[in-house]
Amino acid sequence: MALDRIAIGARIRRIREEIFEESREQFGKRCDLTERHVGQLERGDFLIGLVSLDSIVSSTGIDADYILYGKGDNNKLQIKENLYNIIDKSEKDELKMYYTCITAIKNYVNKK
């Protein structure tokens, strides 16, 4: 299966716009890429390199298979969308409670 640089770029743009709601500059900072490079990837000017792919995957938590091939509905993408929706609709006290719970769970998992 050949990689489609246009489709890869569209998926990267979807991740940036719909999930993280960030500008190219903000997303570039998140992923340690330049704003120009993010734009080139999104337009499909060239095929994404391994270093850039790794940077996006590790910075967003999105599966490489989703970015490269669009495989599945990408459960991580859906989970992040749901979490962002919950956070957006939460009051300050709720956010503090969510943060406390998530931090406790993460600490427990990391100790295993």
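Caption draft 1: Just unusual backbone geometry, in detail. Even without being a glycine, E21 presents a positive backbone phi close to 50°. Within the secondary structure layout, E21 lies in the loop between α1 (5-19) and α2 (24-31). The backbone phi angle of D32 is positive, close to 60°, even though this residue is not glycine. Here D32 lies in the loop between α2 and α3 (35-43).

Caption draft 2: Quick look at the pattern of salt bridges. A complete count under the given rule lists eight salt bridges for this structure. A salt bridge links K29 to E25, with the nearest nitrogen and oxygen atoms 3.7 Å apart. Of this pair, K29 and E25 are both found in helix α2, four residues apart, which corresponds to roughly one turn of the helix. Looking at K29, the relative accessible area reads 64%, which means it is exposed. For E25, a relative accessible area of 43% puts it in the partly exposed group. Residue D45 pairs with R43 through a salt bridge whose shortest N-O separation is 3.1 Å. Relative accessible area serves as the criterion here: at 40%, D45 is assigned to the partly exposed category. If you follow the salt bridges from partner to partner, you end up with R13, R16, E17, R24 and E42 in one network.

Reading guide: rules and limits
Residues numbered from 1 in each chain as written. Predicted model: local features only at pLDDT ≥ 70, side-chain atom pairs only at ≥ 80, totals over all residues. Heavy atoms only, no water. Helix = DSSP H or I, 4+ residues; strand = E, 2+ residues; numbered from the N terminus. Salt bridge = Lys/Arg side-chain N within 4 Å of Asp/Glu carboxyl O. Buried < 20%, exposed > 50% of the residue type's maximum accessible area, 1.4 Å probe, protein only.

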